[in-house]
Amino acid sequence: MGIFEKFKSGFKKSASAFTSGLRDIVVKKEIDDKTLDRIEDYLIQSDVGVASASEIKEIISKTKIDPNKDLTAEINNILKDYIISVMKPLENNEFFKNKEKLNAILVSGVNGVGKTTTIGKISKILKENGNKVMLAASDTFRAAAIEQLENWAKKINVEITKSSQGSDPASVAYKAIETSISNNFNQVLIDTAGRLQNKKNLMEEYKKIANVTKKIDESAPHDVILILDATSGQNVLNQVEEFNKIIPITGLVMTKLDGTAKGGILLAVAKKYKIPIIALGLGEKEDDLQIFEAEKFADAFTQIT
């Protein structure tokens, strides 16, 4: 299955819900003010965000649309162009490329977003691109997290630095980076404990991990990736807000987009925070993490189903 087909398949729920809802609103041959208001309300309900909904409404109102054409398709085209204009600048095509020197990636996210699994999937793509990858099992809060990351390391044949449950997470990260430098690894992915935004002690550990990496390299961590679960809806905005306060986020990965009818939340996040989007989770298989491309996202989200 090609990348667009995966995007199309992954966004089937969102696209189907969105276009069917739009057809229920656009029942006249022309779009009047009342219909515009209903479209704006519907966009907000679809989780694209108030700011985006308002701008899209304004664009529709100023666009001359041929009443003989399929109005839903025409509005979808306007939405597609808008999505691309907002999200194209947030592509990060450099993230998965082979790095010449060590790149320490701090990976965060609340429990249940698929953080550890996503680390494994990211590592697989990095390795396929010629990177030498080390995993750091710094989520020592849960024994299951260490075991899960170890299973991924074995599955994709990369190295892992780990310790026992309850040990100091920062020391694991430090050892992983130290070992990586000594053995010419160029990518270190550091797993961290979840539920951070409402557990002060875990937040302090999270900051400590970042600070410890700086003892080896002042510019570390070189990337700070936040994993988000699309099925959480508007709550992901709060997660971005809170995590970004602790350590500035350099990239986002949104998972479980195949499991929600409200994939528009990614547009709301993009519009509000303008943080680069690294990849999207569109399924449970190890190859179902797709590198983010704005045009493919827009095409899949606005497809007529």
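Reading the values: the criteria
- Residues numbered from 1 in each chain as written.
- Predicted model: local features only at pLDDT ≥ 70, side-chain atom pairs only at ≥ 80, totals over all residues.
- Heavy atoms only, no water.
- Helix = DSSP H or I, 4+ residues; strand = E, 2+ residues; numbered from the N terminus.
- Buried < 20%, exposed > 50% of the residue type's maximum accessible area, 1.4 Å probe, protein only.
- Contact = heavy atoms within 4.5 Å.
- Axes fitted to C-alpha atoms, helices over the stretch in contact; angles between N-to-C directions.
- Parallel < 35°, antiparallel > 145°, perpendicular 65-115°, else oblique.
- Left-handed = near helix turned anticlockwise from the far one by under 90°.
- Nonpolar A, V, L, I, M, F, W, Y, C, P; charged D, E, K, R; others polar.
- Pairing = 2+ DSSP bridges.
- Right-handed = clockwise from strand over helix to strand, strands pointing away.
- Polar contact = N/O pair within 3.5 Å; in protein donor to acceptor, adjacent residues only side chain to side chain.

1. Brief notes about the environment of Met 87
Considering the arrangement of structural elements, one finds Met 87 in helix H5 (residues 71-87). On the basis of relative accessibility, which here comes to 0%, the residue Met 87 falls in the buried class. Distance from Met 87 to Glu 295, taken between C-alpha atoms, is 8.5 Å for residues 208 residues apart in sequence. The contacts of Met 87, once residues within four sequence positions are left out, are Leu 266, Leu 267, Ala 270, Ile 277, Phe 292, Ala 294 and Phe 297.

2. Some details on the packing of helix H8 (residues 169-182) against helix H9 (residues 200-216)
Here H8 crosses H9 at 25 degrees, and the two axes come no closer than 8 Å. Here H9 runs roughly parallel to H8, going by the angle between their axes. Relative to H9, the crossing made by H8 is right-handed. The segment H8 lies against H9, with Pro 169, Ala 170, Ala 173, Tyr 174, Ile 177, Glu 178 and Ile 181 engaging Glu 205, Lys 208, Ile 209, Val 212, Thr 213, Lys 215 and Ile 216. Residue composition of the contact of H8 with H9, grouped by class: nine nonpolar, one polar and four charged.

3. Regarding the pairing of strand S6 (residues 251-255)
Counting buried residues in S6 gives five out of five residues, a clear majority hidden from the surface. Residues Gly 251, Val 253 and Thr 255 of S6 are buried on one face, and the alternating residues Leu 252 and Met 254, pointing to the opposite face, are buried as well. Alignment of strand S5 (residues 223-229) against S6, held across five bridges, turns out to be parallel. What sits directly across from Leu 228, in S6, is Met 254. Taken together, S5, helix H10 (residues 235-246) and S6 constitute a β-α-β crossover, and its handedness is right-handed. With three bridges connecting them, S6 and strand S7 (residues 277-281) associate as parallel partners. For Met 254, the partnering residue across the bridge sits in S7 and is Leu 280. Handedness of the β-α-β unit built from S6, helix H11 (residues 265-273) and S7 comes out right-handed.

4. Describing the side chain of Thr 140
Checked against the element boundaries, Thr 140 lands in the loop between strand S2 (133-137) and helix H7 (143-156). Only 2.7 Å separates the side chain of Thr 140 from the backbone oxygen of Ser 167, close enough to count as a polar contact. Ignoring any residue separated from it by four or fewer positions in sequence, one finds Thr 140 in contact with Ile 146, Ser 164, Gln 165, Gly 166, Ser 167, Pro 169 and Val 172.

All we've got here are geometric facts, nothing functional implied.
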